Amino acid sequence: MEMTEDVVIVGAGIAGLATAVALKRVGVRALVLERSQGLRSTGAAITLQPNAWLALDALGVSHKLTPIYAPLFKRYVTNVSTGDVQQSLFTGKGPRTVHRKALLEALADELPTDSIRFSSKLAAIESQEQGGGASTAVVHLEDGTVIKSKVLIGCDGLHSVVARWLGLAEPVYSGRSAVRGLARFPQGHGFKQEVQRFEDVGKRAAFVPLNERELYWFFVCEEENMTGEPEQIQRQVLEKHAESFPSVYLDVVRHADLSTITWAPLMLRYPWGIVFGNLRKGNITVAGDAMHPMTPDLGQGGGSSLEDAVVLGRHIGNSVIRNGALMVPGDMAKAIDDYVKERRWRAAWLVTGSYISGWKQQGGAKWWMMFLRDGVFYKYVFGWIAGLVDYNCGNLPAVSSGKED
Ligand SMILES: Cc1cc2nc3c(=O)[nH]c(=O)nc-3n(C[C@H](O)[C@H](O)[C@H](O)COP(=O)(O)OP(=O)(O)OC[C@H]3O[C@@H](n4cnc5c(N)ncnc54)[C@H](O)[C@@H]3O)c2cc1C
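Residues numbered from 1 in each chain as written. Predicted model: local features only at pLDDT ≥ 70, side-chain atom pairs only at ≥ 80, totals over all residues. Heavy atoms only, no water.

Visitor: Go over the overall build of the protein chain, please, and point to the residues and values.
Guide: For the protein chain, the helix and strand inventory stands at 11 helices and 17 strands. Over its C-alpha trace the protein chain gives a radius of gyration of 22 Å, about what one expects of a compact globule, namely 22 Å for 405 residues. Each principal axis of the C-alpha atoms in the protein chain carries an extent, and together these give about 65 × 45 × 35 Å. Burial status across the protein chain gives 57% buried among its 405 residues. Of all intrachain contacts in the protein chain linking residues separated by at least 6 positions in sequence, the fraction that spans at least 24 positions is 74%. The average position of the 43 basic charges and that of the 42 acidic charges among the side chains of the protein chain differ by 4 Å. (Helix = DSSP H or I, 4+ residues; strand = E, 2+ residues; numbered from the N terminus. Rg over C-alpha atoms; globule rule 2.2 N^0.38 Å. Buried < 20%, exposed > 50% of the residue type's maximum accessible area, 1.4 Å probe, protein only. Contact = heavy atoms within 4.5 Å. Lys, Arg positive; Asp, Glu negative; His and termini not counted. Charge placed at Lys NZ, Arg CZ, Asp CG, Glu CD.)

In structure tokens:
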């Protein structure tokens, strides 16, 4: 089968769905290709920082989630070795933790029903030059379908086929991995809207309320392989890695809903691979983890994917407004270049800030680590890193109502 589309987005994760919503807002229809049979919500929940909520505001989606998920207003950080507890207030809007499924559905519900094609795995791509600066992206799916499109956006995650085609370096292992899950308390857990975080040498854990009966929890450590049945993973956390952690944390892990437990190695793309890498070829580019996989220490992978969507939507929307049509030879390439220019350094700083933050959090109580943490990190680096999560990626341009689907 052969098809023709204006815009093809590969991947119906946060980046892909948000990009499709952004394009819809500026009057551009996109077809989203997803290899799975439905929306994937691996990881169970996600904490969205203020920058993510600003992006969701711009996409016109935040109002669907804010009545359900309350903001977090305080954070406690317990040093497991010394027992010291530090607390800090979230200023401004504060983060909120949401079910991944709810976020994906809130985005998908904004799209026309036929705009997501499931069981559609991208196998290969090519770019055909059309002359005059125009090019066509040709997408080959595993089932033999061929789709020609004016613009192709790879939102296909960590092991992106599109990023590989662009020549971006493969993501690397950070040296740490994470277990995540939901804990359910049918009678209520009794915790306030506060983050409880625990840090030890090479280990970091936290739990946070989603609602009155569910907590989202995670555990990060240097164990390279924790695969196996969820029950085994839970047992390894409780009996091997977190056995010295406070009982309040262990009790949360004991209440885990096994069907939500997953383990993942934490990967990143080196920031210089993003700064100097080829993020556009013809009218083909990447967004989300496909561009900037990062460790989750600042909770920014999903948030920055939402920012990508707004910025790409803005530049493509401006091109449509300038030209009255989606594809004017050369101008779409300029729109994508403007997107890449705006995102490249921001993404590289987020990868860097996340990595430094993780390294600092897990350093433990050795004297030199305490010197680096208290004498250097909190004095000189913390303010810069904290500011990264308050970033405002801006809005989408207004288009005449006739252009929107
Ligand atoms: C342990 C952990 C905790 C995290 N916590 C947070 C947090 O609190 N806050 C936050 O903002 N971020 C967090 N993140 C990061 C966040 O999960 C990711 O950055 C985000 O999910 C990226 O979204 P994406 O759409 O780019 O990629 P993905 O979510 O990976 O989506 C990619 C989609 O593309 C599809 N796909 C892949 N290949 C193909 C193909 N060949 N053809 C068709 N479809 C394809 C996949 O099936 C998938 O649906 C965390 C990450 C981890 C690992």
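Visitor: Tell me about the pairing of strand β6 (residues 96–99), and please be specific about residues and values.
Guide: Burial along β6 is two-sided: the residues R96 and V98 and T97 and H99 are all buried. Summarising the sheet, strand β3 (residues 45–48) and β6 pair through 4 bridges and their orientation is antiparallel. Bridged to A45 within β6 is H99. (Pairing = 2+ DSSP bridges.)

Visitor: Can you break down a nonpolar patch on the surface residue by residue, with the values?
Guide: A contiguous nonpolar surface patch, about 430 Å² in accessible area, is contributed by Y270, W272 and F276. Note on placement: W272 falls in helix α8 (residues 271–276). (Patch = residues over 30% accessible without salt bridge, like charges linked within 9 Å, V, L, I, M, F, W, Y side chains within 5 Å. Areas by Shrake-Rupley, 256 points an atom, 1.4 Å probe, with all protein chains shown as cover. Salt bridge = Lys/Arg side-chain N within 4 Å of Asp/Glu carboxyl O.)

Visitor: Outline the environment of N323, listing residues and values.
Guide: Among the secondary structure elements, N323 is positioned in helix α9 (residues 301–323). Accessibility expressed as a relative area gives 32% for N323, which makes it partly exposed. Engagement of the side chain of N323 in a polar contact is seen with the backbone oxygen of S319, the distance being 2.8 Å. Here D331 takes part through its side chain, which lies 2.6 Å from a polar atom of the side chain of N323. (Polar contact = N/O pair within 3.5 Å; in protein donor to acceptor, adjacent residues only side chain to side chain.)

Visitor: So what about the pairing of strand β1 (residues 2–10)? Which residues, and what values?
Guide: If a strand is regular, its side chains alternate between the two faces of the sheet. The sheet contact formed by β1 and strand β10 (residues 146–154) spans 8 bridges and is parallel. Along β10, the bridge assignment pairs V10 with G154. One ladder, built from 4 bridges, connects β1 with strand β2 (residues 30–33); its direction is parallel. Among the inter-strand pairings, V8 is bridged to a residue of β2, identified as L31. Handedness of the β1-helix α1 (residues 14–25)-β2 crossover: right-handed. (Right-handed = clockwise from strand over helix to strand, strands pointing away.)

Visitor: Would you mind going over the packing of aromatic side chains in detail, with residue names and values included?
Guide: Across all of its chains, the model carries 8 aromatic pairs by this definition. Arranged with centres 5.9 Å apart and planes meeting at 50 degrees, the rings of F245 and Y249 form a pair that is tilted. Take F245 and Y249: they sit in the same class, and that class is buried. Here W345 and W349 contribute two aromatic rings whose centre-to-centre distance is 6.3 Å and whose plane-to-plane angle is 40 degrees, an arrangement assigned as tilted. Residue W345 and its partner W349 are located together in helix α10 (residues 331–361), separated by 4 residues, close to a single helical turn. For the cation-ring pair, K281 lies above W165, with the distance from its terminal atom to the ring centre recorded as 4.7 Å. Across from the ring centre of Y391, 4.0 Å away, lies the NZ or CZ of R346, which sits over that ring. (Phe/Tyr/Trp six-rings, centres within 6.5 Å; stacked < 30°, edge-to-face > 60°. Lys NZ or Arg CZ within 6 Å of the ring centre and 35° of its normal.)

Visitor: Residues and numbers for the sheet that holds strand β12 (residues 194–200), please.
Guide: Sheet strands pair via backbone hydrogen bonds, and the direction of the pair is either parallel or antiparallel. Taken in spatial order, the 7 strands of this open sheet run β5-β4-β12-β13-β14-β11-β15, and their pairing is mixed. Only two strands of the sheet have a single partner each, and these edge strands are β5 (85–89) and β15 (262–268). Neighbouring strand axes in the sheet, compared pairwise and without regard to direction, differ in orientation by 20 degrees on average. Pairing of strand β13 (residues 203–209) with strand β14 (residues 214–221) involves 6 bridges; the strand directions are antiparallel. Bridge pairing in β14 links A205 to F219. Contacting β11 (172–184), β12, β13 and β14, helix α7 (residues 247–254) crosses the sheet at an angle of about 110 degrees to β14. (Axes fitted to C-alpha atoms, helices over the stretch in contact; angles between N-to-C directions.)

Visitor: Lay out the side chain of Q196 in plain terms, naming residues and giving numbers.
Guide: Examined against the element boundaries, Q196 turns out to sit in strand β12. Its relative accessible area of 16% is what places Q196 among the buried residues. Other than its neighbours up to four places away in sequence, Q196 contacts Y76, A205, A206 and F207.

Visitor: Residues and numbers for unusual backbone geometry, please.
Guide: The phi torsion at A44 lies on the positive side, around 70 degrees, for a residue other than glycine. Its place among the elements puts A44 in the loop between β2 and β3. The exposure class assigned to A44 is buried, which follows from its relative accessible area of 15%. Non-glycine residue S119 carries a positive phi angle of around 50 degrees. You can see S119 is positioned in the loop between β7 (116–117) and β8 (122–131).

Without other data, these values stay purely geometric and don't point to any function.
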